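Chain residues, written in single-letter form:
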Amino acid sequence: MNHGEAEAPFGLMAEYEGPEDLLDAAHKAYAAGFRKLDAFSPVPVHGLAAAIGFTRTNLPYVVFFCGLLGGIIGYGLQYWIHVIDYPLNIGGRPLHSGLYFIPVTFELTILFAGISCFLSMLIANGLPLPYHPVFNVPGFSRASQDRFFLCVLHEDPQYDAESTRLFLESTRPNEVSEVGR
């Protein structure tokens, strides 16, 4: 970055009184063509994820695949031990007794699925994130108490500082703030 060049802001953020106002503004922003949006709310707002364009995730596929992998590894490991590597004839029991393999197979399925879900969510959410630019916005600390925020990110193709500010002001927020880096 050159010394004469100003650093691009993270985006513009509008503050709203209630969840209905935030949801209405999110619908309007998405309808206006904004696609890089983020919303902050102290309570779950039904329909907000869809309103800002977050409707699909690959997390179920990742968890299913990892759970399936865990089950295959659990069953395969037991098969290898009991049939191939160290076969023991105990009381006439068959070496490959699938019924006895079920508990370990089930437990490894759940273990792999749970760990993959946890790690995938960390990665997808960009965590751990000790710093985020929105914390610099005055009043943002109330996002965990009683205020609702909609942020249009600078990376949005339609982002223009002036026109985006005018658009956000047209949604009747309490305040529109620039989010610096």
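Analysis parameters
Residues numbered from 1 in each chain as written. Predicted model: local features only at pLDDT ≥ 70, side-chain atom pairs only at ≥ 80, totals over all residues. Heavy atoms only, no water. Helix = DSSP H or I, 4+ residues; strand = E, 2+ residues; numbered from the N terminus. Expected span 1.5 Å × (residues − 1). Buried < 20%, exposed > 50% of the residue type's maximum accessible area, 1.4 Å probe, protein only. Arc of directions from axis to C-beta. Contact = heavy atoms within 4.5 Å. Salt bridge = Lys/Arg side-chain N within 4 Å of Asp/Glu carboxyl O.

Novice: I tried to follow helix H1 (residues 19-31) on my own but got confused; where do I start?
Specialist: Because the α-helix completes a turn every 3.6 residues, residues three or four places apart line up on one side. With 13 residues, H1 should cover 18 Å at 1.5 Å per step; its first-to-last C-alpha distance of 18 Å lies within 8% of that length. The complete set of buried residues in H1 reads Leu22, Leu23, Ala25, Ala26 and Ala29. Down the axis, H1 shows its buried residues gathered within 165 degrees of arc, on one side only. Opposite the packed face of H1, turned more than 90 degrees from it, sit the exposed residues Glu20 and Ala31. In the core, the buried residues of H1 are packed alongside strand S1 (11-16), strand S2 (37-40), helix H2 (48-51), strand S3 (148-153) and helix H5 (161-170). Looking one or two residues beyond H1, the residue adopting positive phi is Gly33, at roughly 105 degrees.

Novice: Looking at this structure, I do not really get the pattern of salt bridges. What am I missing?
Specialist: Pairing is possible between side chains that carry opposite charge, provided their charged atoms lie close to one another. Applying the stated criterion to the full structure yields 5 salt bridges. Close ionic contact of Arg147 with Glu15 constitutes a salt bridge, the shortest N to O distance being 2.9 Å. Residue Arg147 is found in the loop between helix H4 (98-124) and S3, and its partner Glu15 is found in strand S1; the two are separated by 132 residues along the sequence. Judged by its relative accessible area of 11%, Arg147 falls in the buried class. Residue classification places Glu15 among the buried residues on the basis of a relative accessible area of 10%. Through salt bridges that share partners, Glu15, Glu17, Arg142, Asp146 and Arg147 make up one connected network.

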